[in-house]
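Okay, here's what each chain looks like letter by letter:
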Amino acid sequence: MPLLELRDLSVRYAGRQPVFAPVSIALENGERLGIAGESGCGKTTLLKAVAGLLPAAATVGGSRTIRGRIGYIPQQALASFSPFLTVGEQITELTGSARRTADLLALVGLDSPRFLQAYPHQLSGGERQRVLMVQAFALHPSLIVADEPTANLDPDREAALLELLDRHSLETGAAILVASHREHVFRKLGCRMLRMTPDDSPAAPFAPRDNVPRQPLLEVRRLTKTFHRRDWLTRTRPVVRALDDVSIEIGAGECVVLYGPSGAGKSTLARCIAGRERWDSGSIDWPTGAGAPGPRRVQLVQQEPSESLNPRISVGDALQEACSEADREWLPKVRLPREWIGRRTGELSEGQRARIAILRAAAPLQNGLLILDESLAGLDPTNRGHILFFLRALQQERNLSLLLVTHDLEVAAALNARVVHVAAGRIVAEPRNA
Amino acid sequence: MIFFLWRSLASLAQLLVLSVLLFLFFRVLPGDIYTEQLADPQASRQTVEALREAAGLRNSWPHRYRDWAASCIRGDLGTSLAYGIPVSRLIAPRIQKTLEIAVPALVLAWLLGTGGGLLAARFRWTMTLDPGAAAAAMIPDVIAVSLMLWLAVWAGMRITGAWLPIVGLTFSLLPVVFLHVSQQVRQARELAFVRIAESRGISGARLWLRFILRAAANPLVSLAGLSVAATIGSSFVVEALTGWPGLGPLFLEAVQARDYPIVQTILMLLAAVLALSNLAADLVLYRLDPRIRLPNES
């Protein structure tokens, strides 16, 4: 008898088409299956159905038999943690011993005691992803169900993490069911592959516009920033020097990519420019006075862009929060069907929500700066392609500047961007694109 | 600590602004306690004007505000124009009486509301109970307490004593607490991290205490802060209807007689209760939620 058996499994929400065509799967101990497919094809829904995590409103058809325990690695990292318990507490909740918690954290490279005491909101996206994997391992699962387990990681970390997953499964005999839009994940894990069918929607190009000569839009001079840990009684001590004398210029209509390892200070710099973070010394100037400070000048899209949408309101309402002129004609710009204007954002897939979030952030900008903080990291090639197309069009149409924080140099190439290397809070090299 | 200081300063500023607004409000209202005496044929215009002068009512309002604020800081809340006794002596026993019914009502409403709301959310009765509670929350206190009085008389029960105002006041807050608790807990059960914890085998008291209740607590703490001032406000109505000698009847009398020192003191007292209970709620939230307490380091 197999470990996991799905027979004609289907999921539908009241009054809608089934999320995907019926799926039949059988997995034995130690077997591995990869679920491939583009954003919105139902990968996450299928995995949630296996893990028993579908909302009550979903109707499940067909049959599902599981023997043994499931270790589930969810896709939305931040929402999957309790904000009130430390990382250490949340893992020990499953392991039962602090010693084993520390061992498991060391396994994924989070061995500093800082991580035990940290709350989830204090970790980076990649760190959260690794803690999620630890939590799955802690249960001694016979089946590991992983939803985009490496989406927010840079290539080095991704390789390390997949190797860990591989080794853990070999040692414990756990089967793996993994969904990803990156097929090299499946190759690395030696998975069989099941492809789910993609959705297709029409594209509407932007009217192109001539390039305007470049003036400086933004000048950052000698920025420094140190993070402190604050206790209940005023005691503060410096913890991380995030920015160390950073200067950078961004021209109007220019695209700049901040590239560097985790924790280099890329996000901090982006957040300072966006006005979300205060800096210790240095200055940030907007010499051309591109509009008054505020939403028309700079917009930041965060790492998990879909988290910025209220899942209960419609796509149209979400867009109109940012710009009152938003209407259904906008949706084709990010290659979504016009009729979706009335759908609730919670009904869309991660990738589709990311497209809406980026469209919304760009909406109020006239000729300012759009900052994407690792916002493309969790997206499949199709979604990323749609968004890159949209960004290029925006740059052309409105002379918008872009600042991207990423560890994917393909994105930089696709946008013909200037790449700025950042390490340990400093700019280490700034090669010009030929 | 810095948070505490800033938050306290903000509360103080709120109260200051409010006191000025209150003062302006009474300035805008036509007439004062002596207006009616003008209609009395035995009182001459000169006498009334002299009385006004003596009470300091003819000075400009910034002047009066300054006098009032200065005497408040010294601990003198002014003298009732109708009774001629210091306001503080007049209201002190009334405050005690109001607290005698407001404190038990607050405790009862929160105990019953939290218990009921938790049970409703635990056993998924909310679909049947919530509409009833919502309807109960909508009934104005005046009607609910009148109905209760009528029922008590009809059943031949004693309508004197503290029990009737306490029950009336409890029922004015209870449905609101019940609704909030049951809905917050129901929503908390559907949160991603709660569902995931459950799927990982965390159950029973651990799941409820460490995950569900922690997630539901934040808005309830804010509500608890607000409910203190709301209960004292409701108690005015309940006291007036049941004849309980608290602040309520005194307030009504003072308003009708335009005895502004009393009205002003009672309103400021209410505002202070509201500001203080909100301050307390915010401090509890600060302790409870690491997202407020600890900055983002990544």
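The rules we used
- Residues numbered from 1 in each chain as written.
- Chains lettered and ligands numbered in written order.
- Predicted model: local features only at pLDDT ≥ 70, side-chain atom pairs only at ≥ 80, totals over all residues.
- Helix = DSSP H or I, 4+ residues; strand = E, 2+ residues; numbered from the N terminus.
- Buried ≥ 20, exposed ≤ 12 C-beta atoms within 10 Å, placed from the backbone.
- Contact = placed C-beta atoms within 7 Å.
- Nonpolar A, V, L, I, M, F, W, Y, C, P; charged D, E, K, R; others polar.
- pLDDT = per-residue confidence, 0-100.
- Core = buried A, V, L, I, M, F, W, Y, C linked by C-beta atoms within 7 Å.
- Pairing = 2+ DSSP bridges.
- Axes fitted to C-alpha atoms, helices over the stretch in contact; angles between N-to-C directions.
- Parallel < 35°, antiparallel > 145°, perpendicular 65-115°, else oblique.
- Right-handed = clockwise from strand over helix to strand, strands pointing away.
- Expected span 1.5 Å × (residues − 1).
- Left-handed = near helix turned anticlockwise from the far one by under 90°.

> Tell me what's going on with the overall build of chain B, and back it up with residues and numbers.
Summing up its helical and strand segments, chain B has twelve helices and zero strands in all. Expressed as a percentage of its 298 residues, the buried residues of chain B come to 28%. Contacts in chain B between residues at least 24 apart in sequence constitute 76% of all its contacts with a sequence separation of at least 6.

> Could you give an account of the interface of chain B and chain A, naming the residues involved and the relevant values?
Facing 21 residues of chain B, the contacting portion of chain A comprises 28 residues. Among the secondary structure elements, those contributing two or more residues to the side of chain B that touches chain A are α8 (192-199), α9 (204-242) and α12 (290-293) of chain B. Here the side of chain B that touches chain A gets five residues from one element, more than from any other, and that element is α8(B). Taken together, the residues that form the side of chain B that touches chain A break down as ten nonpolar, three polar and eight charged.

> Quick one: what's the story with the confidence of the model for chain A, residue by residue and with numbers?
Per-residue confidence for chain A averages 82 on the pLDDT scale, and 90% of its residues sit at or above 70. Counting interchain partners and residues more than four positions distant, the pLDDT-below-50 stretch residues 199-213 of chain A has 22 contacts.

> Hey, could you go over the nonpolar core for me, with residue numbers and the actual values?
In this structure, A:V134, A:L143, A:V145 and A:L177 are the most contacted members of the largest nonpolar core, which totals 91 residues. The leading source of residues in this core is helix α7 (residues 163-189) of chain B, at 13 residues. Those residues in contact with A:L177, other than ones at most four positions away along the chain, are A:L27, A:L33, A:L47, A:V50, A:L143 and A:V145. Ranked by size, the runner-up nonpolar core spans 63 residues in total, among them A:L309, A:I371, A:L379 and A:V411.

> A description of helix α2 (residues 87-95) of chain A should follow, citing residues and the corresponding values.
What α2(A) keeps buried is the set A:V87, A:Q90, A:I91, A:T92, A:E93 and A:L94. Looking at the packing, one finds that the buried side of α2(A) touches α3 (98-107), α4 (113-117) and α5 (125-138) of chain A.

> Describe in detail the pairing of strand β13 (residues 298-301) of chain A, supporting the description with residues and values.
Residue and element names in this part refer to chain A. Burial along β13 is two-sided: the residues V298 and L300 and Q299 and V301 are all buried. Pairing geometry for β13 and strand β14 (residues 369-373), over four bridges, is parallel. Bridge assignment links V301 to a residue of β14, and that residue is L372.

> Any chance you could break down the environment of A:I70 for me, citing the residues and the numbers?
Along the chain, A:I70 falls in strand β5 (residues 70-73). Not counting residues up to four positions away in its chain, the partners in contact with A:I70 are A:A51, A:P141, A:L143 and A:V145.

> How would you summarise the packing of helix α10 (residues 350-362) of chain A against helix α11 (residues 381-398) of chain A if you had to cite specific residues and measurements?
All names here are of chain A. Where α10 contacts α11, the axes come no closer than 10 Å and their chain directions differ by 10 degrees. Relative to α11, α10 is oriented roughly parallel. Taking contact as the criterion, the partners of G351, A354, R355, I358 and A362 in α10 are, on α11, N383, H386, I387 and L394. The class makeup of the residues in the contact of α10 with α11 is five nonpolar, three polar and one charged.

> An account of the pairing of β14(A) is needed here, citing residue identities and associated values.
Residue and element names in this part refer to chain A. Of all five residues in β14, five are buried; the element is thus mostly enclosed. Neither face of β14 is exposed, since L369, I371 and D373 on one face and L370 and L372 on the opposite face are all buried. Alignment of β14 against strand β15 (residues 401-406), held across five bridges, turns out to be parallel. Opposite D373, over in β15, you have V405 as the bridge partner. The handedness of the β14 to β15 crossover, carried by α11, is right-handed.

> Help me get a handle on unusual backbone geometry, residues and values and all.
All names here are of chain A. In this structure, H140 takes a positive phi of about 50 degrees despite not being glycine. Of note, H140 is situated in the loop between α5 and β6 (143-147). Unusually for a residue other than glycine, E148 sits at a positive phi of about 50 degrees. Within the fold, E148 resides in the loop between β6 and α6 (155-172).

> Provide a residue-level description of α11(A), including the pertinent values.
Residue and element names in this part refer to chain A. The first and last C-alpha atoms of α11 sit 25 Å apart over 18 residues, in line with the 26 Å expected at 1.5 Å per residue. Inspection of α11 places N383, R384, H386, I387, L391 and Q395 among the buried residues, and these make up the whole buried set. The inward-facing, buried residues of α11 abut β11 (255-259), α10 and β15.

> Account for the sheet that holds β5(A), with residues named and values stated.
Residue and element names in this part refer to chain A. One open sheet accounts for five strands, arranged β5-β6-β7-β3-β8; its pairing is parallel. Looking at the sheet topology across the chains shown, the edges are occupied by β5 and β8 (192-195). Averaged over neighbouring strand pairs, the angle between their axes works out to 15 degrees when direction is ignored. For β5 and β6, the ladder comprises four bridges, and the chain directions are parallel. By the bridge assignment, I73 is partnered in β6 with A146.

> Quick one: what's the story with the environment of A:P55, residue by residue and with numbers?
All names here are of chain A. Looking at where P55 falls in the secondary structure, it is placed in the loop between α1 (43-51) and β4 (58-66). With 10 C-beta atoms packed within 10 Å, P55 lands in the exposed category. Each C-alpha atom of the pair P55 and Y13 lies 9.6 Å from the other, and the pair is 42 residues apart in sequence.

> Please give an account of the sheet that holds strand β1 (residues 4-13) of chain A that cites residues and values.
Sheet strands pair by backbone hydrogen bonding; their relative direction is either parallel or antiparallel. Residues and elements named next belong to chain A. Sheet architecture is open: three strands sit in the order β2-β1-β4, paired in antiparallel fashion. Of all the strands in the sheet, just β2 (23-27) and β4 have a single pairing partner and so form its edges. Going across the sheet, the axis of each strand differs from the next one's by a mean of 20 degrees, ignoring polarity. Bridge count between β1 and β4: eight bridges; the pairing is antiparallel. Opposite R12, over in β4, you have T59 as the bridge partner. Together, β1, β2 and β4 form the strand contacts of α1, whose direction differs from that of β1 by roughly 120 degrees.

> Could you give an account of the packing of helix α4 (residues 87-122) of chain B against helix α11 (residues 260-288) of chain B, with specific residues and numbers?
All names here are of chain B. Packing of α4 against α11 brings their axes to within 10 Å, and their N-to-C directions diverge by 50 degrees. Considering the angle they form, α4 stands oblique to α11. Like other packed secondary-structure pairs, α4 and α11 cross with a definite hand, here right-handed. Between α4 and α11, the residues in contact are V87, L90 and I91 and P261, I262, T265 and I266, respectively. Class assignment for the residues of the contact of α4 with α11 results in six nonpolar, one polar and no charged.

> Which residues make up the confidence of the model for chain B, and what values do they have?
Residue and element names in this part refer to chain B. Within chain B, residue pLDDT values average 86, and 98% of them lie at 70 or more. Averaged pLDDT values over the elements of chain B bottom out at 78 in helix α2 (residues 45-55) and peak at 93 in α4. Our summary of model confidence lists the complex with pTM equal to 0.68 and ipTM equal to 0.73.

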